[in-house]
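Inside the fold
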Amino acid sequence: MSKNVNAFEIQVKNLSKFFGDIQVLKNINLTVEQGKFVALVGHSGCGKSTLLQLISNLETPTQGQITLNDAPVNKINPAVRYLFQEARLLPWKTVWENVAIGSNDRSKEKAIRALQEVNLDNKAEEWPAVLSGGQKQRVSLARALAGEPKLLLLDEPLGALDALTRINMQSLIEKLWKEQGFTVVLVTHDVSEAVYLADRVVLIEDGKIAMDEKITLARPRVKDSNFAYFEKKILDKVMKNDDVGEIANEVYVI
Amino acid sequence: MIRNVPHLAMLPVILIWFGIGETAKVVLISLGTFFPIYLNTFHGIRYVDASLIEMGKTYGLNKLQLFKDIIFPGAMSSIMIGVRQSLGRMWLTLIVAETIAAKSGIGFMATNAREFMLMDVILLSLIIYALLGSISDFVAGLIEKRILRWHSNFRKA
């Protein structure tokens, strides 16, 4: 992997976030080294997306601090790109115009180059409405790449895609990450996806970090027994504090 | 509250303020066409997809760019509905204004012809109105098609 010295290192110190009276994040401490791929997993509502929004400055922390390469996060940083669960393309702009929003000078050249990286340069002049779901998500990935990001924040960007498209997107994201060397934080509730992509899987539970597991498998990863070991280990931890067991033990009378 | 007064009911007031002539017509038509466009534009802007605006913010668009790239195009289909409604109201108001308070114009011609029982002139003015209405609606349709060409409903199959 080519080491990109311009990738961001994220440091989260004593971070707490309240929405009204509800504490969503409780004193989080987390360091993500430059160029690493970290996955945040957890149940919905556990605060993982909130953490992502705080890193991108879409939300401001109640307490604590986040720094990117030692600079505190206090405004939208153009080197940080956010990929949403939906593609969020502007329907009134053509595909390349959408991608151009990602680069600061809006050049068509850069947009086309970014589209080439996701193999969609042949759709540059189309309207987003004619694209399939997977293609739209690839365009939004190209839009994120057009600005040459140092940090990519992925908020379940593959959640709404069908299984086959997901596999393609996963390898595409892995390939681009290897080539460009930016730091990635991926939020997902698919443990298998997290183990497949990430250097490190962080489990967030009830606003706290419940587990921090380094995935030591070699890339490209194959779903063998070692893979299954990590997957099971994390999944067991995710499900442990659940009342799944209780439900199973209940006696149903029909 | 002004919105709830039928604009044609304002005719006596406008006649007193502006007298019989072009100014009164223009004022009355402005009054009649303003609110449909205003209300639809307001509605359009309010219902612009918030997730797109959030996207724009994370991509560092400033206020002007947010308006130009996201809010205005997002409200455009509603604005065009307002424009087309207003076009209809525009002709209606013009006819009433010209019939009651004018010294010239098609409506004046028709009213005059009625006094002399000139059926052909009355018919002519009806045909002119029909043509003007159709043409303006056709042009508005073309503009709408052009501006909203990204929208799947307006694209040719």
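As the structure is a prediction and not an experimental result, all values here were calculated from the model.

Turning next to the overall build of chain B. Of the regular secondary structure elements, chain B holds 6 helices and 0 strands. Counted from the first residue to the last, chain B has its helices and strands arranged as α-α-α-α-α-α. Compactness check: chain B gives a C-alpha radius of gyration of 20 Å against a globular reference of 15 Å for 157 residues, more than 25% above the reference. With the principal axes as the frame, chain B shows a C-alpha extent of 70 × 40 × 20 Å. Here chain B, with 157 residues, has 20% of them falling under the buried criterion. Across chain B, the fraction of contacts at a sequence separation of at least 24, relative to all contacts at a separation of at least 6, is 63%.

This part covers the overall build of chain A. Secondary structure assignment for chain A yields 8 helices and 10 strands. A compact globule built from 254 residues would reach a C-alpha radius of gyration of about 18 Å, and chain A, at 19 Å, matches this within 12%. Taking all 254 residues of chain A together, the buried fraction comes to 40%. Considering only contacts in chain A between residues 6 or more positions apart, those separated by 24 or more positions represent 69%.

Moving on, we come to the interface of chain A and chain B. Chain A puts 15 residues into the contact, and the matching count from chain B is 12 residues. Its residues placed into classes, the side of chain A that touches chain B shows 11 nonpolar, 2 polar and 2 charged.

A separate point is unusual backbone geometry. All names here are of chain A. Note the cis peptide between Arg219 and Pro220, where omega equals -5 degrees. With respect to the secondary-structure elements, Pro220 resides in the loop between strand E10 (208-214) and helix H7 (225-240). Look at Asp70: it is not a glycine, yet its phi comes out positive at around 70 degrees. Relative to the helices and strands, Asp70 resides in the loop between strand E4 (63-68) and strand E5 (71-72). Residue classification places Asp70 among the exposed positions, given that 7 C-beta atoms sit within 10 Å. At Arg88, a position not held by glycine, the phi torsion is positive, near 50 degrees. Considering the arrangement of structural elements, one finds Arg88 in the loop between strand E6 (80-83) and helix H2 (95-100). Judged by the 23 C-beta atoms lying within 10 Å of it, Arg88 is buried.

Secondary-structure assignment places A:Val80 in strand E6. When sequence neighbours within four positions are dropped, the list of residues in contact with A:Val80 reads A:Ser56, A:Pro149, A:Leu151 and A:Leu153.

A word on the sheet that holds E10(A). Residue and element names in this part refer to chain A. Taken in spatial order, the 6 strands of this open sheet run E6-E7-E8-E3-E9-E10, and their pairing is mixed. With one partner strand each, in any of the chains shown, E6 and E10 form the two edges of the open sheet. Neighbour to neighbour, the strand axes of the sheet diverge by 15 degrees on average, direction disregarded. The strands touched by helix H1 (residues 48-55) within the sheet are strand E3 (37-41), strand E7 (151-155), strand E8 (183-187) and strand E9 (200-205), with E8 carrying the most contacts at an inclination of about 145 degrees.

On to the packing of helix H4 (residues 63-100) of chain B against helix H5 (residues 106-115) of chain B, then. Residue and element names in this part refer to chain B. At a minimum axis distance of 7 Å, the contact between H4 and H5 shows a crossing angle of 50 degrees. Here H4 is positioned oblique relative to H5, judged by the angle of their axes. H4 and H5 meet at a crossing whose hand is right-handed. Facing H4, whose interface residues are Leu94, Ile95, Glu98 and Thr99, H5 presents Ile106, Gly107, Phe108 and Thr111. Among the residues forming the contact of H4 with H5, the class breakdown is 4 nonpolar, 3 polar and 1 charged.

A few words on the sheet that holds strand E2 (residues 22-32) of chain A. Reading across from one edge, E2-E1-E4-E5 (chain A) is the order of the 4 strands in this open sheet, with antiparallel pairing throughout. Whereas interior strands pair on both sides, the edge strands pair on one side only; in this sheet they are E2 and E5 of chain A.

Walk down a regular strand and you will see the side chains alternate between the two sheet faces. Residue and element names in this part refer to chain A. Here 7 bridges tie strand E1 (residues 10-19) to E2, and the two strands are oriented antiparallel to one another. What sits directly across from Leu15, in E2, is Ile28. Linking E1 to E2, which pair antiparallel, is a turn of 2 residues; within it Gly20 sits at a positive phi near 65 degrees.

Criteria and thresholds
Starting from 1, residues in each chain are numbered consecutively following that chain's sequence as written. Chains and ligands are labelled sequentially in the order written, the chains with letters from A and the ligands with numbers from 1. Per-residue local features of the predicted model are confined to residues with pLDDT of at least 70, and side-chain atom pairs are confined, for both listing and counting, to 80 or more; whole-chain, interface and lining totals are unaffected and use all residues. Runs of E in the DSSP output that reach at least two residues are strands. Runs of H or I that reach at least four are helices, and both are numbered from the N terminus. What the globule rule says is 2.2 Å times the number of residues to the power 0.38, and the radius of gyration is computed from C-alpha atoms. Residue burial here comes from a neighbour count, namely the number of other C-beta atoms, placed from the backbone, that lie within 10 Å of the residue's own C-beta, with 20 or more meaning buried, 12 or fewer meaning exposed, and in between meaning partly exposed. What counts as a contact is two residues whose backbone-derived C-beta atoms lie within 7 Å of each other. Three classes are used, and their members are as follows: Ala, Val, Leu, Ile, Met, Phe, Trp, Tyr, Cys and Pro are nonpolar, Asp, Glu, Lys and Arg are charged, and the others, Gly among them, are polar. Should DSSP find at least two bridges between two strands, the strands are taken to pair. Lines fitted to C-alpha atoms define the axes here, with helix axes fitted over just the stretch in contact, and angles between the N-to-C directions of these axes take values from 0 to 180 degrees. What sets the label is the angle itself: under 35 degrees gives roughly parallel, over 145 gives roughly antiparallel, 65 to 115 gives roughly perpendicular, and the rest give oblique. Note on convention: the crossing is left-handed when the near helix lies turned anticlockwise from the far helix by less than a right angle, right-handed when the turn is clockwise.

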